[in-house]
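Listed below, chain by chain, are the residues.
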Amino acid sequence: MPTALVTGANRGLGLEFVRQLAALGWHVHACCRQPGVAADLQQVAAVSDGRVALHALDLGDLASIDRVAATVGGRPLDLLVNNAGVLGNPGTHFSERSRSMLQSVGRFDYDEWLEVLRINVIGTAKVSEAFVNHIAASERKCIVMVSSVMGSIGWNDRSRFPPGGGIHAYRSSKAALNMLARGLAADLHEKGIVVLTLNPGWVKTEMGGADGMFEAKDSVHRMLGLVIRSTPAHSGVFQSHDGTEIPW
Ligand SMILES: NC(=O)c1ccc[n+]([C@@H]2O[C@H](COP(=O)([O-])OP(=O)(O)OC[C@H]3O[C@@H](n4cnc5c(N)ncnc54)[C@H](OP(=O)(O)O)[C@@H]3O)[C@@H](O)[C@H]2O)c1
């Protein structure tokens, strides 16, 4: 059976990726900051017949990423799901109610902005680099970047929902992540690695809030369908959970 590694595996979309991959019989390296207190993830691992292994990985602590890579050792990884990410403070979700408070002009918090970039872009780049040889050695050779339509420059204008402005730290971090994904798709093409850039939709998680349009299980089910059906032609393409292409 294939093997995956998922970041941000303790809750939200990451936990759902682990749950569904394990149910499909995959082996999963489930990474989160504090596995010792990740009760839901521990429960998934407990019923996995040893197929789900927990690891401590913090995207803000690059050495922790190297430690997990060393633990995985020479074992191939068919799928890397770069899922972990932060929205930034203040506020914890995308809803219109909080939008005006979030990273808007006149209220920029530059330390916060740097932290969002550090986690969403630099941390994700480090994970991708640390595991690239594990991926290259596998059968399926797939990296998923969990991005957001909010990072699409082509999609963003005032007529959209949510409208193009606000939430600048998060948006710019996902735009940068998209560039990283597109660049990695080019760099890793010769190794046969497919880099998928996926928008999960507005999902009911801690980040998405209760107003989200989709349940995590449905969004992840659709994203895993895209992974399973992916071909090299999908590498370097920005896709929504339903398979529609999003402009960069
Ligand atoms: N929900 C949506 O509507 C939506 C829409 C578009 C894109 N996304 C993207 O989907 C991904 C998952 O989001 P979600 O909705 O599941 O959000 P979530 O419920 O807030 O989960 C975020 C995950 O990222 C982890 N994380 C945060 N900082 C980390 C760090 N420094 N190191 C390692 N892990 C860290 C969190 O772990 P802790 O518990 O330790 O904080 C948590 O597991 C994110 O990349 C997000 O941008 C979500």
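So, a few notes on the structure that sits alongside this text. (Residues numbered from 1 in each chain as written. Predicted model: local features only at pLDDT ≥ 70, side-chain atom pairs only at ≥ 80, totals over all residues. Heavy atoms only, no water.)

**What to know about the site of the ligand**
With respect to spatial proximity, 29 residues lie near the ligand, and among them N10, R33, N83, Y170 and T205 are the closest. Within the side chain of N10, a nitrogen or oxygen atom sits 2.6 Å from an oxygen atom of the ligand. Between the ligand and Y170, the relevant distance is 2.6 Å, taken from an oxygen atom to a side-chain nitrogen or oxygen of the residue. Considering the ligand on its own, with 890 Å² of exposed area, one finds that the protein chains cover 94% of that surface. Elements with a minimum of two residues in the shell around the ligand: helix 1 (12–23) and helix 7 (168–188). Here the residues of the shell around the ligand are counted per class, giving 13 nonpolar, 11 polar and 5 charged. (Near = heavy atom within 4 Å. Polar contact = N/O pair within 3.5 Å; in protein donor to acceptor, adjacent residues only side chain to side chain. Areas by Shrake-Rupley, 256 points an atom, 1.4 Å probe, with all protein chains shown as cover. Helix = DSSP H or I, 4+ residues; strand = E, 2+ residues; numbered from the N terminus. Nonpolar A, V, L, I, M, F, W, Y, C, P; charged D, E, K, R; others polar.)

**Focus: unusual backbone geometry**
The phi angle at K141 is positive, at roughly 55°, despite the residue not being glycine. Residue position: K141 is located in the loop between helix 6 (132–136) and strand 5 (142–146). Even without glycine at this site, I167 takes up a positive phi of about 50°. Among the structural elements, I167 can be located in the loop between strand 5 and helix 7. Given the relative accessible area of 0%, I167 is considered buried. (Buried < 20%, exposed > 50% of the residue type's maximum accessible area, 1.4 Å probe, protein only.)

On their own, these measurements won't tell you what the molecule is for.
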